[in-house]
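Coordinate analysis (summary)
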Amino acid sequence: GRSIGDNRRINIVSESLCDDTLTRLKPSLEKHIGCDIIEVNPGIGIWSEKLHNVLKPRTHIIFEADHRLYQPILQPLLDAPGSTFKLIPKSGLVWGHMEKALSDEYLPHQEPLVRGDPRLEKPNDTLLFVANLGHYPKRSFKGFSSMANLVLYQFMSALRTHSLFQRYGQVRMLIWVDNDEKDTILPQSISFRRKAAIEAEISCEKIQVVAASTTRNTFPRDHNLELQSTRLAYEKMDKMGIRTPQGRESSCLEELISGVPSDLRKPGSVGTSVSFLEELRGLEAQYAAGKLGDWEYINPSARRSRIRGESPELSRLRKLRYLEKFQQRKFEKREGMKTELDEIFALQREVHATRQPEQRQALEEVLKHRTDAWKGRLDGLDEDSFDNTMAYLDNGRIFERKPQSLMWDRRDYEPLKVRADEFLPMREMCLLDIQPKSLWPVLQENFPDNYDALEYILSQLLIIPSQNICRGLSALAPGAYDYLIAECPSLTDPTKGGSLDVE
């Protein structure tokens, strides 16, 4: 017969995952003990019950649209002696239904605050929002790649406008989403840092990934850069006494703790995790042990003789050796370009600090010559190599800034690793811990007009994310480039992340 619920929803079915996650969160959850909880899509309720037992909330409102499917499972929670669970058999993602719960009837201990009340700009630890937005397969919805992306966008908007449950002050949110969805607001690579991510940084004090798959399948950063990022998080964890349960370590954390590179190579030899390397090392070991035989040559005495015959394994070994050399050459070329770029920025800083006109002019001529030569090498790359090289250089440059530009690189801890079999259907999810903060004073002033201006600037600059500063600012309005380049001196200050060359 016809399904009585949405069969694309992802449920958390692992008690051990819930236990490990709550143990990781426990120090920061203590301030919420006895709070009110608003939860959307509890599903089978394992996560809901575990969180409830830790926080012992005075009210725990659960919105469940598929109540005919899940209410029999949730009923014991509702019927327990002294239960503070309250089921609303509606979708909590329909704001009209959500408004029903934001009332004295359901939240008698919460006080709605009016605009201008200073308490709106302070954390409200007496209220916690929890949701599960996991769906698989995903479907695009109203111009967004998925319903979860749309809802995250609306939650971020609510932070800024103090709407929905954010009318009670700054309310922390714990949200489960499909593992790939987190890149929208918490990118791990500059390639994904678009408008939504920048707005999230402006609106949130922290966005932590508590648990996730910890592996990346699309647009991964350089492996050594990921190791450096993990090392920063690991050092923070060590200072705070945070431990990771066995089996919950990410691949990078395992590599750091064990000291054994994940792909059995010396770090830095190729510059990124390459899937064929493990296979190559295995074949090399078999060849060294004499298990693969040897090549037959037409003229064995010649320095370079054509191969007469080889086994399939030897053929594969030969191809992988060539591939490793090719990757090594690419890596060395890219590293050479990064070294040259670092030297160019060092020269820019020297020019910026030089006040003597003649000396400055001489340095500018050297800088121009080196910059032109470097750009010439870059322009000589094919399209794929150009894009990969630029992403590598940009990721490296923003990581080296202090503090790091990506919120991901400023995380307090490495996420716990989840497994697909801990969810039903078997699709890895991640838990986002979103902690709001106040907007910059200039954005709070004359709200929302000033914020609308920022949104317009971001939208225009990110139509073509790879465009240079000159082109991007010029597209804002006639004369915008000349005005803004004078008003924002940090754009051309190489000591503050800017560049003397904005073209």
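Computed from a predicted structure; not experimentally measured.

Scanning the chain from terminus to terminus reveals 16 helices and 12 strands. Overall size of the chain, expressed as C-alpha extent along the three principal axes, is 90 × 70 × 45 Å. Relative to its full complement of 503 residues, the chain shows a buried share of 45%. Summarising the internal contacts of the chain: among those between residues at least 6 apart in sequence, 72% fall at separations of at least 24. Surface exposure of the chain reaches about 26,200 Å², of which carbon and sulfur atoms provide 52%. Side-chain charges in the chain split into 70 positive and 74 negative, and the spacing between the mean points of these groups amounts to 3 Å.

Quick look at the pattern of salt bridges now. Tallied over the entire structure, the rule returns 36 salt bridges. A salt bridge links K50 to D19, with the nearest nitrogen and oxygen atoms 3.0 Å apart. A residue pair is termed long-range when its members are at least 10 positions apart, and K50 in helix α2 (residues 46-55) and D19 in helix α1 (residues 15-29) qualify at 31 residues. Taking relative accessible area as the criterion, D19 reaches 34% and is therefore assigned partly exposed. Its salt-bridge partner being E455, residue K195 comes within 3.2 Å of it at the nearest N-O pair.

Here we come to the packing of aromatic side chains. Evaluated as defined, the whole model comprises 8 aromatic pairs. Taken together, a centroid distance of 6.1 Å and an interplanar angle of 65° make the contact between W176 and F423 edge-to-face. Of this pair, W176 sits in strand β6 (residues 170-178) while F423 sits in strand β11 (residues 423-424), placing them 247 residues apart in sequence. Per residue, the accessibility class of W176 equals that of F423, and both read buried. Pairwise contacts between aromatic rings join W95, F129, F155 and F165 into one cluster. Sitting over the ring of Y392, R334 keeps its end group 3.8 Å from the ring centre.

Another point: the sheet that holds strand β12 (residues 429-436). With mixed pairing, 8 strands are arranged side by side in an open sheet as β4-β3-β2-β5-β6-β12-β7-β10. Where the open sheet ends on each side, the last strands, each with one partner, are β4 (85-88) and β10 (416-417). Of the strand pairs in this sheet, strand β7 (residues 204-212) and β12 are connected by 6 bridges, and their pairing is antiparallel. By the bridge assignment, Q208 is partnered in β12 with D433.

Attention now moves to a negative patch on the surface. On the surface, D382, E383, D384 and D387 cluster together into a patch of negative charge. Positionally, D382 belongs in the loop between α11 (357-379) and α12 (383-400). Judged by relative accessible area, which is 45%, D382 ranks as partly exposed.

The next subject is α12. Helix length check: α12 (18 residues) gives 26 Å between terminal C-alpha atoms against 26 Å at 1.5 Å per residue, within 8%. Against the buried residues of α12 lie α7 (223-240), α10 (312-353) and α11. If you check the start of α12, you find a side-chain oxygen 3.1 Å away from the backbone N of D384, and it comes from D382.

Turning our eyes to something else, we now look at the pairing of β4. Note: strand β3 (residues 59-63) against β4, 4 bridges, orientation parallel. For I62, the partnering residue across the bridge sits in β4 and is L87.

We now examine unusual backbone geometry. That bond from Y136 to P137 is cis: its omega, -5°, falls within 30 degrees of zero. Mapped onto the elements, P137 comes out in the loop between β5 (123-132) and α5 (147-161). Of note, the phi angle at H162 is positive, near 55°, even though the residue is not glycine. Tracing the sequence through the fold places H162 in the loop between α5 and β6. The class of H162 is buried, set by a relative accessible area of 14%. Although it is not a glycine, N446 adopts a positive phi angle of roughly 55°. Here N446 is to be found in the loop between α13 (441-444) and α14 (449-461).

Basis of the calculations
Residues numbered from 1 in each chain as written. Predicted model: local features only at pLDDT ≥ 70, side-chain atom pairs only at ≥ 80, totals over all residues. Heavy atoms only, no water. Helix = DSSP H or I, 4+ residues; strand = E, 2+ residues; numbered from the N terminus. Buried < 20%, exposed > 50% of the residue type's maximum accessible area, 1.4 Å probe, protein only. Contact = heavy atoms within 4.5 Å. Areas by Shrake-Rupley, 256 points an atom, 1.4 Å probe, with all protein chains shown as cover. Lys, Arg positive; Asp, Glu negative; His and termini not counted. Charge placed at Lys NZ, Arg CZ, Asp CG, Glu CD. Salt bridge = Lys/Arg side-chain N within 4 Å of Asp/Glu carboxyl O. Phe/Tyr/Trp six-rings, centres within 6.5 Å; stacked < 30°, edge-to-face > 60°. Lys NZ or Arg CZ within 6 Å of the ring centre and 35° of its normal. Pairing = 2+ DSSP bridges. Patch = residues over 30% accessible without salt bridge, like charges linked within 9 Å, V, L, I, M, F, W, Y side chains within 5 Å. Expected span 1.5 Å × (residues − 1). Polar contact = N/O pair within 3.5 Å; in protein donor to acceptor, adjacent residues only side chain to side chain.

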